[in-house]
Structures are given as structure tokens and as C-alpha cells.
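# Report on the structure
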Amino acid sequence: MMRRPVKLGFYLSIALILAYVESIIPFSFGIPGIKLGLPNAVVLLLLYEEDSYLSVCRNALLVNVARVLIAGFLFSNLYTIVYSIAGAIFSFVLMGIAKKCNIFSIIGVSIIGGVSHNTAQILVAMKVVETYAVLYYMPFLIISGMITGAVLGYLVMELVPYINKSKSYMNIRS
Amino acid sequence: MTFRTFSTLNKLKKADFALILICVMASIFSFVLFWEKDSALKYIRISYDGDVIQTIPFDATSAENREVYVLLKKENNQIMYSLSEEYPYIAEFDYYNIIRLSDNSVSIVEADCPDKICVQHKPISRTGESIICLPHHFVVDIYGNNDQSDQEIDGMVK
């Protein structure tokens, strides 16, 4: 069995690499908030580990928060951290609840994550600048969150069986 | 390959399709709710912390290719703005955003905010569109002034 700190550090480093990859890909439609959300794939992977619900959630939340903080300081700045930590935590809570409901597949949970992340960011922006003008971009952000969420969910769905298989292999070895 | 794709689609549950439907409905709903008709008379509104500090008429139809730069700056806790035909000279301010108004679009060309999201934002020209600079609490948005006349016409039709 991989020790917990080693495993979480491993996942955290993958999330940071994905955050870096995302920061250098010029994927922008000129509307702030539309992005791939690649690091969310790691959170989803952790959420779908074969373990008790509580420990899985704890691991995913730890990696999620650490990822936002470190990636924020490495690739952006304090404002972006405040902005994205709201999205990260809100989407994490909704994804956790959606997983517990057990009626969605991974793709569904990922879509919920993407859409709720964008919604939370819009709400934070509205509060900070005290304007309703940003609501104009709401439909685009919902649709983009849905599409990127579905694509990531598909990737994670394909990955989960392999990862669980490699885990059982490691368990036998050690 | 097609077989693999099908096998993934089979893993989708009913709730997933319902969720996609809800998302599409929500985006259409918010589109209907927040989308504004592009009006003929347009104004550029610059606000800070929710307070309007300047409105400028914005005529997309004007043929002459004029460019006006608005310099927003914060100095000694005071928000100041200045209009000029030339690119403004930047001295030592607390912070600044430079907005460019050309004949058919508004964009922020330079700012010293840390995230530069406002600079990367696409130029806006439609009624309802906005650029926000979150770190500086600035909002630049376009609003139309024919809302009232529209309502009057609607009222008369009824």
C-alpha cells in the first residue's frame, strides 16, 4: 500500500503540472472564466478511489486546497487565489454530494463540478465589483463548464479502471 | 474504436442526461434573462465599487476612426480619470487602467493589475457586455438608452 503522504504528494504534483500546462495553453475566448479545468481531473480521480467515502473526500479536499494555493502562488497571484478558491471549494462540495447521491456517472459529477465552479466565480466577481453586468456572460459560462466538465469526466472515467488495477497490483507486490 | 465509444456511452446514467438537459435549459434561461438587445444609442459606463464615475456616449456608427484613451488611476485613495486623444503617459500611480475607445469597440489596453484578465478580455461593443478588473474593482460596461422608449412602445401596443 502506498503511504498516504506519498500518494497525496504524488497526486498534488500531477495537479500542479496540469495547472501549469493549463496556464501555458492559450485556451481563451476572451471571456474570463472559460478554461479547461485540467487539475479538476486529479480531484475527480481521488474522489473515485476505492476507499471509504470519508477518507476519499478528505484526500480530495486536501489536494484541492493545496493545489489552488500552490498553483496560485506559482502561476498567478493572490487575487486569482481568492477568486478560484471559492470556485474550487464550492464545486468540490457539490461534487462530493453528487457522488454520494450515487445517481450520476463520473461524467455527470464532473459536469456538476465544472458548472458550479464557473457559477461560484461569477458570484464572487459580482460581490467584489458590486455589479450585475457579469451576469451577461452566465449562459456562456454554464455551457463551457458543461462541455469541459464532460470531456474531463470522460477522461477520468477511462482512467479510473487502470488506476484501480495498478493499485491492486502494487498491493500484491508489497 | 466505435465499440469503445459506445461502451462509455452505456455507462452514462439517466441522471446524467437529465443534468445535461438542466444545464442547457439553465443557460437558455439565463440567456433570455440577461441578454440585451443591441441598441442604437449606446453609452460606456465606467464604475468603481458599484458607483458610476463616468459615462461616455459610444457611437458605433461613426465613420471617423477616432481613438480616445481613458486613463483611470488611483492616487492618494482618490479615483481619477482623464480623457485624451493620445496614449497617456504613465507616471507613478497607486494603480491604473487604460481604456481605449475606438469607433466600434472598447477594450482595456494596459493595466497594472496582477491578473491582467481585463487586458485579455475581448474588445466589447454590444449592449450589455462588460469588462471587469477584479483587483481594481473597475467595471466598464455598455448600456443602451432605448430601454425606456422600448417599454413605452410595448405599453402602447398593449
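Just so you know, these numbers come straight off a predicted model, no measurement behind them.

### Comments concerning the pattern of salt bridges
Residues and elements named next belong to chain B. A complete count under the given rule lists three salt bridges over all chains for this structure. The salt bridge partner of Asp-141 is Arg-45, with a shortest N-O separation of 3.0 Å. Taken as a pair, Asp-141 in strand E8 (residues 138-144) and Arg-45 in strand E1 (residues 42-48) lie far apart in primary sequence, 96 residues in all. According to the relative accessible area criterion, Asp-141 is buried, its value standing at 6%.

### Brief notes about the environment of Leu16(A)
Take Leu16(A): it is sitting in helix H1 (residues 4-24). C-alpha of Leu16(A) to C-alpha of Val63(A): the two residues are 47 residues apart in sequence and 10.0 Å apart in space.

### Description of a nonpolar patch on the surface
On the surface, Ile17(A), Tyr20(A), Val21(A), Ile24(A), Ile25(A), Leu69(A), Ile70(A), Leu74(A) and Phe75(A) cluster together to form a nonpolar patch covering roughly 760 Å² of accessible area. Those elements that provide at least two residues to the nonpolar patch are H1 and helix H3 (53-75) of chain A.

### So, the packing of helix H5 (residues 106-129) of chain A against helix H2 (residues 14-34) of chain B
In the contact formed by H5(A) and H2(B), the axes pass within 9 Å of each other and the chain directions differ by 25 degrees. Judged by the angle between their axes, H5(A) and H2(B) are roughly parallel. Once H5(A) is placed against H2(B), the crossing between them reads as left-handed. For the pair H5(A) and H2(B), the contacting residues are Gly108(A), Ile111(A), Ile112(A) and Val115(A) in the first and Asp16(B), Leu19(B), Ile20(B) and Cys23(B) in the second.

### Comments concerning the sheet that holds strand E6 (residues 106-111) of chain B
In sheet architecture, strand pairing relies on hydrogen bonds along the backbone and comes in two forms, parallel and antiparallel. All names here are of chain B. Spatial ordering of the open sheet is given by E4-E3-E5-E6, a layout of four strands whose pairing is antiparallel. The open sheet has two edge strands with one neighbour each: strand E4 (78-84) and E6. Averaged over all adjacent pairs, the angle separating strand axes in this sheet is 20 degrees, with direction ignored. Alignment of strand E5 (residues 95-101) against E6, held across five bridges, turns out to be antiparallel. The residue bridging Asn-97 from the neighbouring strand is Ala-111, located in E6.

### Notes on the interface of chain A and chain B
Every contact between the two is made by 36 residues of chain A and, on the other side, 40 residues of chain B. Both sides of the chain A and chain B interface together cover about 3,300 Å² of buried area, and 69% of this is carbon and sulfur. Per-residue buried area on chain A facing chain B is highest for Tyr79(A), Val129(A) and Tyr136(A); these three make up 20% of the total on that side. Remark: the boundary between chain A and chain B carries zero salt bridges. The tally of links between chain A and chain B comes to four residue pairs in polar contact (both at pLDDT 80 or more). Mapped onto the side of chain A that touches chain B, the elements with two or more residues apiece are helix H4 (78-101), H5 and helix H6 (138-173) of chain A.

### Quick look at empty space enclosed by the protein
Within this structure, the stated rule accounts for two cavities of 30 Å³ or more. Empty space within the largest cavity amounts to approximately 130 Å³. Counting only elements with at least two residues in the lining of the largest cavity, the list comes to H5 of chain A together with strand E7 (130-133) of chain B. Top element by residues in the lining of the largest cavity is H5(A). It accounts for four residues. Of the voids in this model, the second largest cavity is the one considered here, and its volume is about 40 Å³.

### Examining the environment of Ala40(B)
All names here are of chain B. By the secondary structure assignment, Ala-40 is in the loop between H2 and E1. Classification of Ala-40 by relative accessible area gives exposed; the value is 74%. Spatially, the C-alpha atoms of Ala-40 and Phe-58 are 9.6 Å apart, while their sequence positions differ by 18 residues.

### A short note on H5(A)
All names here are of chain A. A rise of 1.5 Å per residue sets the reference length of H5, with its 24 residues, at 34 Å; its end C-alpha atoms lie 35 Å apart and thus fit the reference within 8%. Most of H5 sits inside the fold, with 21 of its 24 residues counted as buried. Just downstream of H5, Glu-130 is the residue with a positive phi angle, here 50 degrees.

Conventions we followed
Residues numbered from 1 in each chain as written. Chains lettered and ligands numbered in written order. Predicted model: local features only at pLDDT ≥ 70, side-chain atom pairs only at ≥ 80, totals over all residues. Heavy atoms only, no water. Salt bridge = Lys/Arg side-chain N within 4 Å of Asp/Glu carboxyl O. Helix = DSSP H or I, 4+ residues; strand = E, 2+ residues; numbered from the N terminus. Buried < 20%, exposed > 50% of the residue type's maximum accessible area, 1.4 Å probe, protein only. Patch = residues over 30% accessible without salt bridge, like charges linked within 9 Å, V, L, I, M, F, W, Y side chains within 5 Å. Areas by Shrake-Rupley, 256 points an atom, 1.4 Å probe, with all protein chains shown as cover. Axes fitted to C-alpha atoms, helices over the stretch in contact; angles between N-to-C directions. Parallel < 35°, antiparallel > 145°, perpendicular 65-115°, else oblique. Left-handed = near helix turned anticlockwise from the far one by under 90°. Contact = heavy atoms within 4.5 Å. Pairing = 2+ DSSP bridges. Buried area = accessible area lost by both parts, 1.4 Å probe. Polar contact = N/O pair within 3.5 Å; in protein donor to acceptor, adjacent residues only side chain to side chain. 1 Å grid on protein atoms, 1.4 Å probe; cavity = no way out; pocket = protein on both sides within 12 Å on 5 of 7 lines; lining within 4 Å. Points joined across faces, edges and corners; volume = space filled by probe spheres on them. Expected span 1.5 Å × (residues − 1).

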